[in-house]
Amino acid sequence: MACINPRNTDVKAPLVVFDLDGTMIDTHADLIESLNHTITSAGLTPVTYEDLTHLVGQGARVMIRRAFDLKNTPLSEDELEPLFDRFIAHYKAGMPGKSRPYPGLTACFDRLKAAGMTIAVCTNKQETLALPLLEGLGLTGHFAAITGGDTFEFRKPDGRHIFGTIEKAGGDPARSIMIGDSVNDILAAHNAKIPSVAVSFGYSDVPVADLNPTTIIDGFDELTPELVLRLIEAQ
Ligand SMILES: O=C(O)COP(=O)(O)O
Ligand SMILES: [Mg+2]
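Reading the values: rules and limits
- Residues numbered from 1 in each chain as written.
- Chains lettered and ligands numbered in written order.
- Predicted model: local features only at pLDDT ≥ 70, side-chain atom pairs only at ≥ 80, totals over all residues.
- Heavy atoms only, no water.
- UniProt positions renumbered as here; feature names shortened; annotations may be inferred.
- Contact = heavy atoms within 4.5 Å.
- Polar contact = N/O pair within 3.5 Å; in protein donor to acceptor, adjacent residues only side chain to side chain.
- Phe/Tyr/Trp six-rings, centres within 6.5 Å; stacked < 30°, edge-to-face > 60°.
- Helix = DSSP H or I, 4+ residues; strand = E, 2+ residues; numbered from the N terminus.
- Buried < 20%, exposed > 50% of the residue type's maximum accessible area, 1.4 Å probe, protein only.
- Axes fitted to C-alpha atoms, helices over the stretch in contact; angles between N-to-C directions.
- Parallel < 35°, antiparallel > 145°, perpendicular 65-115°, else oblique.
- Left-handed = near helix turned anticlockwise from the far one by under 90°.
- Salt bridge = Lys/Arg side-chain N within 4 Å of Asp/Glu carboxyl O.
- Pairing = 2+ DSSP bridges.
- Donors = N, O, S within 2.8 Å, 3.2 Å for Na, K, Ca; no water.
- Expected span 1.5 Å × (residues − 1).

A. Spotlight on the UniProt feature "active site" (unreviewed entry) in the chain. Sequence positions flagged by UniProt for "active site" (unreviewed entry) are, in local numbering, Asp19. Setting aside residues no more than four positions away along its own chain, Asp19 makes contact with Met24, Cys122, Thr123, Lys156, Met178, Ile179, Gly180, Asp181 and Asp185. In terms of polar contacts, Asp19 uses its side chain to reach the side chain of Thr23, at 2.7 Å.

Below, the structure is given as structure tokens:
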């Protein structure tokens, strides 16, 4: 097992930064249900899972706006706000709903932490949704920091969202990696100049290999301390 030298206090623990939707947690059923609850009230027809992969990624407001674009229906800023409130109320009320961690996630956390590594969350989901969802699933205690799409004045794919998360978690960008499922995560890692791991099972609307991540995993059993160290040392 990989081991961190505990005597060298100048070297920060390796930090593994996780995206939330489609990476740690399979949230698609609840997102689709709340989105359809929202847009059908405005006369739109429901969206599908395939649609969701094009809509999710930049938070709830953008998801609703993209759904209207998808259905070729104009939407003014004034109309958006009550729909946004309707989405948030519905999504929050059902939480954690059908959302569940992907297989092997907590075993992966335990493995990384046993090797002296730190874990953080960098999601574009707003804090008022991300925090109770992680709490509802009993995961909060694993993380040194959780940042959302509204924590800073910037969000993924802006690399500063990752830097802000690393700083809050007490990490070092030179010893950090990003795990994500979509273009925002891989681009943000690229912009922050840190290695990226794409998961193949999330909500990307293109094959994740097209995003040029540093590497790809098909399940959390592949995310080992050895892989994390290899990626950090190779950067
Ligand atoms: O809520 C979203 O739109 C995206 O969330 P994620 O950054 O955790 O994938
Ligand atoms: Mg995601």
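B. Molecular detail of the packing of aromatic side chains. A complete count under the given rule lists 8 aromatic pairs for this structure. Between Phe18 and Phe109, the ring centres sit 5.3 Å apart and the planes meet at 80°, which makes this aromatic pair edge-to-face. Taken as a pair, Phe18 in strand β1 (residues 15-18) and Phe109 in helix α5 (residues 105-114) lie far apart in primary sequence, 91 residues in all. Assigned by exposure class, Phe18 and Phe109 land together as buried. Each ring, one from Phe87 and one from Tyr91, has its centre 5.5 Å from the other, and the planes form 15°; the classification is stacked. Taken as a pair, Phe87 and Tyr91 lie in helix α4 (residues 77-94) at a separation of 4 residues, close to a single helical turn. There is no split in this pair, since Phe87 and Tyr91 are both buried.

C. Quick peek at the packing of helix α3 (residues 59-70) against α4. Two elements in contact, α3 and α4, have axes separated by 10 Å at closest approach and are oriented at 120°. Taken together, α3 and α4 sit at an angle that is classed as oblique. Handedness of the α3/α4 crossing: right-handed. Between α3, through Ala60, Arg61, Met63, Ile64, Arg65 and Phe68, and α4, the contact on the second element is made entirely by Glu77, Leu80, Glu81, Leu83, Phe84, Phe87 and Ile88.

D. Spatial organisation of the pattern of salt bridges. A full pass over the atoms with the stated rule returns 7 salt bridges. A salt bridge links Lys98 to Glu33; the nearest nitrogen and oxygen atoms lie 3.0 Å apart. Taken as a pair, Lys98 in the loop between α4 and β3 (100-101) and Glu33 in helix α1 (residues 28-40) lie far apart in primary sequence, 65 residues in all. By relative accessible area, Lys98 is classed as exposed at 54%.

E. Main features of the side chain of His142. With respect to the secondary-structure elements, His142 resides in the loop between α6 (127-136) and β5 (145-147). Look at His142 and you get buried, because its relative accessible area is 17%. Setting aside chain neighbours within four positions, we find His142 in contact with Thr106, Phe109, Asp110, Lys113 and Ile119.

F. Representation of the pairing of strand β4 (residues 118-122) in the model. Across the 5 residues of β4, 4 count as buried, placing the element largely inside the fold. Where β1 lies against β4, 4 bridges are found, and the strand directions are parallel. Across the sheet, residue Val17 finds its bridge partner in β4, namely Ala120. Where β4 lies against β5, 3 bridges are found, and the strand directions are parallel. Residue pairing across strands places Cys122 opposite Thr147, the latter belonging to β5.

G. Layout of the coordination of the magnesium ion (ligand 2). On the protein side, the magnesium ion (ligand 2) has Asp19 (OD), Asp21 (O) and Asp181 (OD) as donor atoms, found 2.1 to 2.2 Å from it. Donor residues for the magnesium ion (ligand 2) sit on one chain with the sequence pattern D-x1-D-x159-D. Taken as a pair, Asp21 in the loop between β1 and β2 (25-26) and Asp181 in the loop between β6 (176-180) and α8 (183-192) lie far apart in primary sequence, 160 residues in all.

H. Focus on α1. Taking 1.5 Å of rise per residue, 13 residues should cover 18 Å, and α1 covers 18 Å from first to last C-alpha, within 8% of that figure. Taken together, the buried positions of α1 are occupied by Asp30, Leu31, Ile32, Ser34, Leu35, Asn36, Thr38 and Ile39. Packed against the buried residues of α1 are α2 (49-55), α3 and α4.

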